[in-house]
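# Examination of the molecular architecture
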Amino acid sequence: MRSRVWGSTAAVVLGGLLATGCGGGTDQTSDENAGRAVTGGYPVSVTDCAGAGTTISAAPRKIVTSNASALELLLRLGAGDRVLGTGFPPGRGTLPAALDAQAQQVKVLGRSVIPKEKLLGSGADLYIDTFASMGGMGGSGMGDAPTAEEFEAAGIKHIYLKSTACAARGDAPVTDLSAVEADITSLGAVTGTRAKATELVAGMKKKVDAVHKAIGGTPEGKRPTYFFFDYDAGTKQPTVTCNRQIANAVITLAGARNAFADCDGDYRQVGWEDVIAKNPDWIQLGVRDRGGEEANDTAFDEAERWLRSNPATKGLKAVREGHFLRIGSERTTIASVANADTVEAIAKTLYPGKVG
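The text that follows walks through the structure, step by step, so that each part is easy to find. (Residues numbered from 1 in each chain as written. Predicted model: local features only at pLDDT ≥ 70, side-chain atom pairs only at ≥ 80, totals over all residues. Heavy atoms only, no water.)

### Focus: the nonpolar core
Counting residues in hydrophobic clusters, the biggest one holds 54 residues, and the most contacted among them are Ile128, Leu177, Ile184, Tyr226, Ile346 and Leu350. Within the residue set of this core, elements represented by two or more residues are β4 (44-47), α1 (68-77), α2 (97-103), β9 (126-129), α6 (178-191), α7 (194-215), α8 (246-253) and α13 (338-350). Top contributing element to this core by residue count: α7, with seven residues. By size, the runner-up hydrophobic cluster in this structure holds 23 residues, among which are Phe227, Phe260, Trp306 and Leu307. (Core = buried A, V, L, I, M, F, W, Y, C linked by side-chain atoms within 4.5 Å. Buried < 20%, exposed > 50% of the residue type's maximum accessible area, 1.4 Å probe, protein only. Helix = DSSP H or I, 4+ residues; strand = E, 2+ residues; numbered from the N terminus.)

Here is the structure:
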């Protein structure tokens, strides 16, 4: 079966595999990063946003990731030794210690979007694109992206993460982490790390289920309203997370109501008058990781100081009551095992004493 490669906005790795392990054969490659052999049934078929399929015939050996989200998932799956380069690298200290050390060894092909020539000449056999349909967040939708024909000529399979790449195209609000879990499951199949993928997904479900057990009975009207303040997106005109964004699921699962859940799509720019009209009970200071605790604290301080001093926001209920959460952007808005941790962290703040 001839593999298909798609253009920059059409495709995504989906959790539902069309076919796995024809004939029951297995393919093995060494995986020193995980300390064990990688095994899995190949070929593996995955689908795009429109339902069209492509086939991965063997475990990829040379992977490039568009940004830190896909890189982190591969590191957690134990496939990090096969990543030869990344764009949008994670800041030092962003990931847990062991993963951070591995992440810092990955070659940086681009501090933002990987240049087209560098990507096509990287020698990769697989490129994982995280934000294909989001022009401002680091996907191939930015800049001069390779065409499907150029990827094919270079021998690079081009796949995407569903939970972010297709977010804006969804036909219903995102209220759970099933899309992220599907990405992990699919990447586990593609890289031959299915057992680890199953373990990671189970761990996420366990945390989220514990939160639901603790606060799931809270009536909708009693749940606090919540505003994700994307400080790094600019303060002149706020960029809000709408109901197709992962953040909407994280906020909902934590027992809160996204102040902009009535906004269809992933992100949207609004006016401060819109935020004032929502008058949220809580505000998350969503700054992006600066590479260290001290630098992150400084950024959180700056975001809070801006809200307290700006005439348009200083009168908001959350600001007056000091209801701020200092939780970084990445673990809230991009596909990550840490999404479940963020659900737990928000719930502990909003429901003190109820969530263990």
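From this point on, the discussion continues.
### Side note on helix α10 (residues 293-309)
For α10, which comprises 17 residues, the first-to-last C-alpha distance of 24 Å matches the rise-based estimate of 24 Å (1.5 Å per residue) to within 8%. Residues Asn296, Ala299, Phe300, Ala303, Glu304, Trp306 and Leu307 constitute the buried set of α10. All buried residues of α10 lie within an arc of 155° about the axis, which places them on one face of the element. Summarising the geometry of α10, the exposed residues directed more than 90 degrees from the buried face are Glu294 and Arg305. Residues of α10 that are buried sit in contact with β11 (225-229), α9 (272-278), β15 (282-285), α11 (317-321) and β16 (324-325). (Expected span 1.5 Å × (residues − 1). Arc of directions from axis to C-beta. Contact = heavy atoms within 4.5 Å.)

### A closer look at the pairing of β15
Burial along β15 is two-sided: Trp282 and Gln284 and Ile283 and Leu285, pointing in opposite directions, are all buried. By the bridge criterion, four bridges tie β11 to β15 in an arrangement that is parallel. Directly across from phenylalanine 227, in β15, lies its bridge partner isoleucine 283. Two elements, β15 and β16, share two bridges in a ladder whose sense is parallel. The residue of β16 that forms the bridge with isoleucine 283 is phenylalanine 324. (Pairing = 2+ DSSP bridges.)

### Structural notes on the pattern of salt bridges
Taken as a whole and assessed by the stated rule, the structure comprises 13 salt bridges. In this structure, arginine 76 and glutamate 72 form a salt bridge, with 2.8 Å as the shortest nitrogen-oxygen distance. Of the two residues, arginine 76 and glutamate 72 are both situated in helix α1; the distance of four residues between them amounts to about one turn of the helix. Taken as a pair, arginine 76 and glutamate 72 share a single burial class, namely buried. With a shortest N-O distance of 3.3 Å, arginine 244 and aspartate 264 are connected by a salt bridge. (Salt bridge = Lys/Arg side-chain N within 4 Å of Asp/Glu carboxyl O.)

### Observations concerning the side chain of threonine 332
Topologically, threonine 332 is positioned in helix α12 (residues 330-333). Within the local environment of threonine 332, its side chain forms a polar contact with the backbone oxygen of glycine 328, the two atoms lying 3.0 Å apart. Filtering out sequence-adjacent residues up to four positions away, threonine 332 remains in contact with Phe228, Gln245, Ile246, Ala247, Val250, Gln284, Ile327, Asn339 and Thr342. (Polar contact = N/O pair within 3.5 Å; in protein donor to acceptor, adjacent residues only side chain to side chain.)

Geometric values such as these leave the question of function open.
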